[in-house]
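Residue-level listing of the chains:
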Amino acid sequence: MANVMLSPATRRLLGWMFLWTGLLLGLGQLIRLGIAAYAWSREGIEGSLEVGLVLLYLLGLVGAGLLVRYGRRLLRGGRLEDGPAKETIL
């Protein structure tokens, strides 16, 4: 991956955008999972709740977590590649 140097203001803006997008997506997915759990408790195992939809909601939660993670990384230092930062000991 090419190392693109962004200005600090651009990194902060992108960090906030990733962070808010991840938080809102996570909130929406939690609401959808809550509705699915309520429907499952009302209808039982024989209901029309699709397992694939629940898995899709959980996948959305994983995506929201990644967006929040990248947003926090951009806000704290701008490093998106894996591995320890130069400032860490380990």
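The rules we used
- Residues numbered from 1 in each chain as written.
- Predicted model: local features only at pLDDT ≥ 70, side-chain atom pairs only at ≥ 80, totals over all residues.
- Heavy atoms only, no water.
- Helix = DSSP H or I, 4+ residues; strand = E, 2+ residues; numbered from the N terminus.
- Contact = heavy atoms within 4.5 Å.
- Areas by Shrake-Rupley, 256 points an atom, 1.4 Å probe, with all protein chains shown as cover.
- Expected span 1.5 Å × (residues − 1).
- Axes fitted to C-alpha atoms, helices over the stretch in contact; angles between N-to-C directions.
- Parallel < 35°, antiparallel > 145°, perpendicular 65-115°, else oblique.
- Left-handed = near helix turned anticlockwise from the far one by under 90°.
- UniProt positions renumbered as here; feature names shortened; annotations may be inferred.
- Patch = residues over 30% accessible without salt bridge, like charges linked within 9 Å, V, L, I, M, F, W, Y side chains within 5 Å.
- Salt bridge = Lys/Arg side-chain N within 4 Å of Asp/Glu carboxyl O.
- Buried < 20%, exposed > 50% of the residue type's maximum accessible area, 1.4 Å probe, protein only.

Q: Which residues make up the overall build of the protein chain, and what values do they have?
A: Looking only at helices and strands, the protein chain has 2 helices and 0 strands in total. Of the contacts made within the protein chain by residues no fewer than 6 positions apart, 70% connect residues no fewer than 24 positions apart. Surface summary for the protein chain: the accessible area is close to 7,200 Å², and the carbon and sulfur share equals 69%.

Q: Explain helix 1 (residues 8–43) residue by residue, including any values.
A: With 36 residues, helix 1 should cover 52 Å at 1.5 Å per step; its first-to-last C-alpha distance of 52 Å lies within 8% of that length. Contact partners of the buried residues in helix 1: helix 2 (51–76). The first or second residue beyond helix 1 is G44, which carries a positive phi of 80 degrees.

Q: With reference to specific residues and values, describe the packing of helix 1 against helix 2.
A: The interhelical angle for the contact between helix 1 and helix 2, taken along N-to-C directions, is 160 degrees, at an axis separation of 7 Å. With respect to each other, helix 1 and helix 2 are oriented roughly antiparallel. When you trace helix 1 past helix 2, the crossing you get is left-handed.

Q: Which residues make up the UniProt feature "transmembrane region" (unreviewed entry) in the protein chain, and what values go with them?
A: As recorded in UniProt, the sites labelled "transmembrane region" (unreviewed entry) are residues 52–70. For residues 52–70, the end-to-end C-alpha separation is 27 Å, with 100% helix and 0% strand making up the annotated structure.

Q: Explain a nonpolar patch on the surface to me, and be specific about the residues and the numbers.
A: A surface patch of nonpolar side chains, about 770 Å² in accessible area, is lined by W16, W20, L23, L24, L27, I31 and I35. Tracing the sequence through the fold places W16 in helix 1.

Q: Please provide a residue-by-residue account of helix 2, values included.
A: Spanning 26 residues, helix 2 covers 38 Å between terminal C-alpha atoms, matching the ideal 38 Å at 1.5 Å per step. Looking at helix 2, one finds that the buried residues are Y57, G60, A64, V68, G71 and L74. Looking at the buried side of helix 2, the elements it contacts are helix 1.

Q: Can you explain the environment of G28? Please cite residues and give values.
A: Structurally, the position occupied by G28 is in helix 1. Residues G28 and G60 lie 32 residues apart in sequence; the distance between their C-alpha atoms is 9.1 Å.

Q: Help me get a handle on the environment of P8, residues and values and all.
A: With respect to the secondary-structure elements, P8 resides in helix 1. Each C-alpha atom of the pair P8 and L75 lies 9.1 Å from the other, and the pair is 67 residues apart in sequence.

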